[in-house]
Amino acid sequence: MARLLGVSLLIAGLGCVLLVAPSESSLDDVSALLAFKKAIYEDPLAMLSDWNTDDEDPCAWTGVGCSPIDSRVVTLELANSSLKGFLALEIGSLISLQNLILDHNTLMGSIPKGIGKLRNLTVLNLSTNQLVGPIPSEIGDMSKILKIDLQWNQLDGAIPSELEELTSLTELRLSNNRLTGTIPGSNDSSMVSTNSDGQIGLCRLTQLTDMDLSYNFLVGDIPTCLMKIRRSSLVGNCFENNGTMNRPADQCKSSRVGGDEQRRFQQPLWLLILEVITGISLLTALTLCTITGLGRCKARSSGNSATWTRAISWKENTVISIDDDLLEKVPKISRRELAEACEDFSNIIGSSHDTVVYKGTMEDGREIAVVSLSVSVHYWTNYVELYFQKEVIETARLCHENVAEMVGYSKESDPFSRMLVFRYPPNGTLYEHLHDEEGCQLSWHRRMKIVLSIAHALRYLHTDMQPPFAIAALTSSSVYLTEDFSPKIIDFERWRALLTKPGLSSGSLVNGSFNNILDSRQRRFLDVQANTFAFGVILLELISGRASLSKDTGDLVDWARKHLDQTDEFSKLLDPKLKNANHENLGIICNVVNLCIDHNPSRRPSMNMIAAILEEGIDTSAATVLRDSSLAWAEAELAIS
């Protein structure tokens with residue numbers, strides 16, 4: 001009896017061990033997730049801070065969801081997390097994963113081919129990142145996939161024909177990339193495999209109800225089976241004789257000439273960067289291990305013990321070379337020249353904790369705004385310098401009549417300084433003219449011209465620029481006016497954001513969040529969809545004369561929503577100081593505002609579509625002004641007589 005009791009206790013004990021001890025498959029998930037974390041080199045919101053290497057159970061980690069049956073990872077969801085890095089190859093080891101949602105981050109490099117191992121995946125969302133290279137053909141192995149969203153990246157190459165194997169697919173979004181070639185299944189494609197109904201390519205996907213291929217460089221014919229989808233889902237390509245709105249011919253021509261060369265070099269470059277970083281990290285780890293071992297041996301021989309006071313990050317040990325030739329095409333201006341232009345930096349027109357903005361006049365008479373970054377040399381690591389150079393290059397490539405011109409930059413070591421120089425529009429900001437008592441009263445006609453100009457600028461930034469360029473904080477204060485009231489957007493907030501990224505410096509945690517992170521109201525302006533929302537707010541300011549946020553009236557959007565639902569209440573949104581407002585134009589503006597401020601960002605239309613609506617509905621010609629204004633007619637008659 002005692003022996004039987006002992007055996008029972010032993011079996012029960014073994015059962016407890018089996019329940020507590022993590023399975024080998026669960027440890028594989030932990031290993032894959034830690035590899036994912038290692039490939040992320042910026043995490044300013046500390047989203048991965050609870051991903052502990054000593055924790056064998058990842059189910060409580062931020063963004064991770066597990067199956068209640070076997071504790072395998074089934075969800076990895078870290079959308080809008082400000083993560084910056086690469087997609088680790090090991091992500092293909094999460095074989096039970098069903099939802100992979102990493103949109104609205106800054107993931108770079110190519111999509112790993114191992115993603116095809118995720119045979120249980122139903123939702124893949126990698127949209128609004130900076131992924132490059134082709135869509136891997138292995139994506140066709142994900143037989144259970146229902147939704148694929150890869151829009152707003154820099155993916156190139158052809159749409160893989162293997163997509164035809166995904167017979168359960170209901171949603172496919174590939175817009176705003178650099179995809180080339182024909183649509184699989186078109187008359188110009190070389191596909192031969194068919195289903196029982198004789199369909200080929202994407203025409204085999206009978207469950208597909210939502211597809212967006214707009215703003216790529218696709219050519220050839222549109223398959224007949226896709227003619228039923230919205231025309232807007234195919235615009236901005238290089239199709240032939242299809243009735244959709246294509247890109248300009250010169251863009252299509254240049255994409256064909258340069259596409260092959262770009263594809264040859266783009267992906268290996270990212271792989272090389274990843275290999276170099278991995279190699280340096282391994283070398284650093286080996287060096288630290290050697291130093292630690294020697295230190296312990298020395299400690300034992302002397303009878304003393306030593307402890308580490310802090311962990312050394314791999315960033316501090318990795319040497320990053322700075323290549324100043326990256327900026328060779330951007331004019332460099334000396335600090336002395338800027339000091340003379342800005343009256344020895346005494347003419348301050350704006351400041352924040354992170355920047356000071358000076359106004360000045362160059363020797364050639366150009367008025368300039370100089371953004372000086374308030375930073376010490378101890379903060380300015382090589383990583384910050386690389387980020388600074390990237391932002392200078394990105395901003396310098398902008399060329400539009402309604403975007404302020406970047407004149408150049410300044411960088412010096414003694415005294416240490418980093419400055420950006422912009423052409424300064426002399427007539428103040430749109431905010432000042434709308435909301436300050438000393439501002440000039442803007443007529444309805446002038447406000448409508450400003451509306452169209454800002455829409456044109458945003459269409460250029462979001463559509464014509466590849467990759468798209470988003471204004472960091474689009475407000476009426478970032479819209480400056482020239483002497484003839486033409487708007488110019490200046491993105492000062494981009495440079496303030498450079499210094500508020502704790503991942504680039506030694507940001508500290510306060511009450512669980514980084515002390516320099518922008519609040520949620522400001523963060524909504526950090527991507528293209530949020531620019532659309534911000535444009536809607538500016539439209540409301542222009543028609544109502546109210547500020548976006550004030551102590552007296554509260555939030556402008558919340559107030560406006562009460563009147564935007566019914567057309568007969570549109571007039572309640574009008575600025576009482578406005579005379580001769582065109583009510584047809586008001587209706588169009590209000591309808592556009594409704595689209596821009598939609599609670600769901602994915603439902604907000606592109607600025608390309610919004611600009612087209614405004615161009616079609618708003619007439620700013622002189623004849624319209626005379627027709628709508630009796631005073632203008634009287635002035636015209638007096639002039640004639």
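Residues numbered from 1 in each chain as written. Predicted model: local features only at pLDDT ≥ 70, side-chain atom pairs only at ≥ 80, totals over all residues. Heavy atoms only, no water.

## Overview of the overall build of the chain
Rule in force here: Per the convention used, a helix needs a DSSP run of H or I reaching at least four residues, while a strand needs a run of E reaching at least two, with both numbered from the N terminus. Contacts were defined at the residue level, with two residues in contact if any of their heavy atoms lie within 4.5 Å. Residue-level accessible areas treat just the shown protein chains as cover; the underlying method is Shrake-Rupley with a 1.4 Å probe.
For the chain, the count of helices and strands is 16 helices and 25 strands. Sequence separation of 24 or more characterises 60% of the internal contacts of the chain that already satisfy a separation of 6 or more. With an accessible surface of roughly 32,000 Å², the chain has 53% of that area assigned to carbon and sulfur atoms.

## Some words on the pairing of strand β10 (residues 154-158)
Quick reminder of the rule: To sort residues, take the accessible area from a 1.4 Å probe on protein chains only and compare it with the maximum for the residue type: under 20% means buried, over 50% means exposed, and anything in between is partly exposed. Two strands pair if DSSP finds at least two bridges between them.
With respect to burial, β10 is a largely interior element, four of its five residues being buried. As defined by bridge partners, strand β8 (residues 130-133) adjoins β10 across two bridges and the pair is classed as parallel. Bridge assignment links G133 to a residue of β10, and that residue is L155. Note: β10 against strand β12 (residues 178-181), three bridges, orientation parallel. Within the sheet, the bridge partner assigned to G157 lies in β12 and is L179.

## Details of the state of the cysteines
Quick reminder of the rule: In what follows, a disulfide is any cysteine sulfur pair within 2.5 Å.
One pass over the structure, following the stated rule, counts one disulfide. Linked covalently through their sulfurs, C59 and C66 form a disulfide whose S-S length is 2.2 Å. Residues C59 and C66 are joined through a disulfide that is left-handed, its torsion about the S-S bond being -100°.

## Observations concerning the sheet that holds strand β16 (residues 355-361)
This is how it is decided: Every angle, taken between N-to-C directions, lies between 0 and 180 degrees, and every axis is a line fitted to C-alpha atoms, over only the stretch in contact when it is a helix.
What the five strands build is an open sheet, ordered β15-β16-β17-β19-β18; its pairing is antiparallel. The open sheet is flanked by β15 (348-351) and β18 (406-413), the only strands paired with a single partner. When strand polarity is set aside, the average angle formed by the axes of neighbouring strands in this sheet is 20°. One ladder, built from three bridges, connects β15 with β16; its direction is antiparallel. Bridged to G350 within β16 is V357. Its contacts with the sheet place helix α6 (residues 382-396) against β17 (367-373), β18 and β19 (416-423), and it is angled at close to 160° to β18.

## As for the environment of I222
Checked against the element boundaries, I222 lands in the loop between β14 (217-218) and α3 (249-302). Taking C-alpha positions, I222 is 6.9 Å from I183, a pair spaced 39 residues apart along the chain.

## Re the packing of aromatic side chains
Applied cut-off: Aromatic rings from Phe, Tyr and Trp, taking only the six-membered ring of Trp, are treated as a pair when their centres fall within 6.5 Å; an angle between ring planes under 30 degrees marks them as stacked, one over 60 as edge-to-face, and anything in between as tilted. Comment: the charge-over-ring label is applied if NZ (Lys) or CZ (Arg) is within 6 Å of the ring centre and within 35 degrees of the ring normal.
Tallied over the entire structure, the rule returns nine aromatic pairs. Pairing F345 with Y358 gives two aromatic rings, centres 5.1 Å apart and planes at 55°, and the pair type is tilted. Taken together, the residues F345 in the loop between α5 (335-341) and β15 and Y358 in strand β16 connect sequence positions 13 residues apart. Taken individually, F345 and Y358 each receive the classification buried, so the pair is uniform in this respect. Through a chain of ring-to-ring contacts, the aromatic side chains of F422, Y424, Y480 and F492 assemble into a single cluster. Positioned over the ring face of W559 is R546, at 3.7 Å from the centre of the ring.

## Topic: the packing of helix α8 (residues 444-464) against helix α11 (residues 528-544)
Inclusion rule: Small angles under 35 degrees read as roughly parallel and large ones over 145 as roughly antiparallel, with 65 to 115 read as roughly perpendicular and the rest as oblique. Any residue outside Ala, Val, Leu, Ile, Met, Phe, Trp, Tyr, Cys, Pro, Asp, Glu, Lys and Arg is labelled polar, Gly included; the first ten of those are nonpolar and the last four are charged.
Where α8 contacts α11, the axes come no closer than 11 Å and their chain directions differ by 175°. As far as their axial angle goes, α11 and α8 are roughly antiparallel. Mapping the contact onto sequence places W444, R447, I450, V451, I454, A455, L458 and H462 in α8 and V528, N531, F535, I538, L539, L542 and I543 in α11. Split by residue class, the contact of α8 with α11 holds 12 nonpolar, two polar and one charged.

## Points about helix α14 (residues 607-617)
What counts here: Directions drawn from the helix axis to the C-beta atoms are what define this arc.
All of the buried residues in α14 are M607, N608, I610, A611 and L614. Angular distribution of buried residues about the axis of α14 spans 165°; they occupy a single face of the element. In this structure, the buried side of α14 is in contact with α8, α11 and α13 (583-596).

## Points about the nonpolar core
As a reminder of what qualifies: Here, nonpolar core refers to any group of buried Ala, Val, Leu, Ile, Met, Phe, Trp, Tyr and Cys residues whose side-chain atoms link them within 4.5 Å.
Core analysis: the largest hydrophobic core is formed by 55 residues, its most contacted members being L430, I454, F535, I589 and L614. Going through the elements one at a time, α7 (430-435), α8, β20 (479-481), α11, α12 (556-564), α13 and α14 are the ones with two or more residues in this core. If near-sequence neighbours (up to four positions away) are discounted, L430 is found in contact with L442, I450, I454, S476, V479, L481, I538 and L542. Grouped together as the second largest cluster of nonpolar side chains are 52 residues, L87, L97, L107 and L226 included.

## Focus on the confidence of the model for the chain
Going by this rule: On a scale of 0 to 100, pLDDT captures the predictor's confidence in every residue.
The pLDDT averaged across the chain works out to 77; a share of 72% of its residues lies at or above 70. Scored below 50 in pLDDT, residues 189-196 shows 18 contacts in the model against residues more than four places distant or in partner chains. Across residues 635-641, confidence stays below pLDDT 50; counting only partners more than four residues off in sequence or on other chains, it has one contact.

## Observations concerning the pattern of salt bridges
Definition in use: For this analysis, a salt bridge means a side-chain nitrogen from Lys or Arg found within 4 Å of a carboxyl oxygen belonging to Asp or Glu.
Taken as a whole, this structure holds 18 salt bridges when the rule is applied. Between R397 and E394 there is a salt bridge, with its nearest N and O atoms 3.2 Å apart. With a shortest N-O distance of 3.5 Å, K577 and D575 are connected by a salt bridge. Among the residues examined, K577 registers a relative accessible area of 48% and is labelled partly exposed. Given the relative accessible area of 4%, D575 is considered buried. One salt-bridge network, in which partners are shared between bridges, spans E164, E165 and R204.

## A look at a nonpolar patch on the surface
In plain terms, the rule: Patch rule: a residue counts if its relative accessible area is over 30% and it has no salt bridge; like charges are joined within 9 Å, and nonpolar side chains (Val, Leu, Ile, Met, Phe, Trp, Tyr) within 5 Å.
Residues L595, M609 and I613 make up a contiguous nonpolar surface patch of roughly 220 Å² in combined accessible area. For M609, the location among the structural elements is in helix α14. We classify M609 as partly exposed; its relative accessible area is 37%.

## Section: the side chain of N237
Defined as follows: In the analysis that follows, any N or O atom pair within 3.5 Å is treated as a polar contact, provided that within protein one partner can donate a hydrogen and the other can accept it, and provided that, for residues neighboring in sequence, both atoms belong to side chains.
Along the chain, N237 turns up in the loop between β14 and α3. There is a polar contact of 3.2 Å between the side chain of N237 and the backbone nitrogen of N216. Among the polar contacts listed, one links the side chain of N237 to the backbone oxygen of V235, at a separation of 3.4 Å. Excluding residues that lie within four positions of it along the chain, N237 makes contacts with L213, S214, Y215, N216, F217, L218, M245, N246, R247 and C252.

## What about the sheet that holds strand β2 (residues 64-66)?
Pairing is mixed across the open sheet formed by seven strands, whose spatial order is β2-β3-β5-β7-β9-β11-β13. Only two strands of the sheet have a single partner each, and these edge strands are β2 and β13 (210-212). Direction aside, neighbouring strands of the sheet carry axes that sit 10° apart on average. Here three bridges tie strand β3 (residues 73-77) to strand β5 (residues 99-101), and the two strands are oriented parallel to one another. By the bridge assignment for β5, E77 is matched with I101.

## Some words on the environment of Y424
Along the polypeptide, Y424 turns up in the loop between β19 and α7. Setting aside its immediate chain neighbours within four residues, Y424 contacts I349, K359, E367, I368, A369 and Y480.

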